[in-house]
Amino acid sequence: MNIHFASSIFLLICFQFLIIINLFIPKVDTCACHSSGSIIGKAPPPGTCNLEDSSACCVDGQVYDLYDCSPPVKRRTKANLTLQSFDYGGDKGRPAECDQKYYEDGDLVVALSTGWFDRERRCLKFINIRGNGRRVRAKVVDECVSSGGCDDAHDYEPPCGNTIVRASKAVWSALGVPDTQWNRLDIHWSDA
Ligand SMILES: *[C@@H]1O[C@H](CO)[C@@H](O)[C@H](O)[C@H]1NC(C)=O
């Protein structure tokens, strides 16, 4: 056999082997959640941004990251708890996304970041929240939008983070957090 012919066959086999190997290597990145872009904040028109609870108004010229995804949900999913009123006249100014209802501060309800809200798939389902050494079960009624913000459709509020559980006062209270600290808490949550 011609030595050149033999070596080209050898190279061809090596090449195909590499292609096959490549097909079976798990793509490490497929589970990661990266920012989908960013927006530059515009100051809201007067009277359009309600500063109640943990909501903030967009700052002119500030860059905000957008997320269409959140980290994968596990048995213990790390998140940050923040405060939200779901009541009529509360910081959102409109009823909850899932059922177009308002909820009182005494109701155990939450909003989840866009990725976890999962196109309404968690609507009216319950989650368990663990934090401050306690556990509480709360109903998902709304989305904390991380895929957009700083416009009329989002009440001129900045985009939500992608690891946020925004909870009513009742949730904070059930976790035994003193009301002077109802701004941010490290929690774990899971589907109930
Ligand atoms: C919670 O917020 C803190 C402070 O902003 C941040 O450092 C931390 O990474 C957040 N935790 C999660 C799970 O996103």
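Our structure is the block above this text.
For the structure given in this document, a descriptive report is provided here. (Residues numbered from 1 in each chain as written. Predicted model: local features only at pLDDT ≥ 70, side-chain atom pairs only at ≥ 80, totals over all residues. Heavy atoms only, no water.)

This part is about the packing of aromatic side chains. Counted under the stated rule, the structure contains two aromatic pairs. Taken together, a centroid distance of 5.1 Å and an interplanar angle of 85° make the contact between Tyr88 and Tyr102 edge-to-face. Linking Tyr88 in the loop between strand S3 (77-83) and strand S4 (109-113) with Tyr102 in the loop between S3 and S4, this pair joins segments that are 14 residues apart in sequence. Judged by its relative accessible area of 65%, Tyr88 falls in the exposed class. On the basis of relative accessibility, which here comes to 32%, the residue Tyr102 falls in the partly exposed class. (Phe/Tyr/Trp six-rings, centres within 6.5 Å; stacked < 30°, edge-to-face > 60°. Helix = DSSP H or I, 4+ residues; strand = E, 2+ residues; numbered from the N terminus. Buried < 20%, exposed > 50% of the residue type's maximum accessible area, 1.4 Å probe, protein only.)

Taken in spatial order, the six strands line up as S3-S7-S4-S6-S5-S8 and close into a barrel, and their pairing is mixed. In this sheet, adjacent strand axes meet at a mean angle of 45° when their direction is disregarded. Pairing analysis gives five bridges linking S4 to strand S6 (residues 134-144), with the strands arranged parallel. In the strand pairing of S6, Ala111 is matched with Asp142. (Pairing = 2+ DSSP bridges. Axes fitted to C-alpha atoms, helices over the stretch in contact; angles between N-to-C directions.)

Take the site of the ligand next. In the neighbourhood of the ligand, the contacting residues comprise Lys78, Ala79, Asn80, Thr163 and Arg184. Residue Thr163 places a side-chain N or O atom 2.7 Å away from an oxygen atom belonging to the ligand. Protein coverage of the free-state accessible area of the ligand, which is 360 Å², stands at 46%. Class assignment of the residues belonging to the shell around the ligand gives a composition of one nonpolar, two polar and two charged. (Near = heavy atom within 4 Å. Polar contact = N/O pair within 3.5 Å; in protein donor to acceptor, adjacent residues only side chain to side chain. Areas by Shrake-Rupley, 256 points an atom, 1.4 Å probe, with all protein chains shown as cover. Nonpolar A, V, L, I, M, F, W, Y, C, P; charged D, E, K, R; others polar.)

So, about unusual backbone geometry. One non-glycine residue, Gln100, lies in the positive phi region at around 55°. Checked against the element boundaries, Gln100 lands in the loop between S3 and S4. Taking the relative accessible area as the measure of exposure, Gln100 reaches 52% and is therefore exposed. Backbone geometry at Leu124 places phi at a positive 60°, although glycine is not the residue there.

Let us look at the layout of surface pockets. Roughly 560 Å³ of internal volume is contained in the largest pocket. Of all the secondary structure elements, the ones that give two or more residues to the lining of the largest pocket are S6 and strand S7 (164-167). Among the elements that take part in the lining of the largest pocket, S6 stands out by supplying three residues, more than any other. Class assignment of the residues belonging to the lining of the largest pocket gives a composition of nine nonpolar, eight polar and nine charged. Of the pockets and cavities examined, the second largest pocket occupies roughly 160 Å³. Around the second largest pocket, the lining residues are Asp68, Thr114, Gly115, Phe117, Asp118, Arg119 and Glu143. Considering each element in turn, the lining of the second largest pocket owes the most residues, three residues, to helix H2 (residues 114-117). For the lining of the second largest pocket, a count of residues per class yields one nonpolar, two polar and four charged. (1 Å grid on protein atoms, 1.4 Å probe; cavity = no way out; pocket = protein on both sides within 12 Å on 5 of 7 lines; lining within 4 Å. Points joined across faces, edges and corners; volume = space filled by probe spheres on them.)

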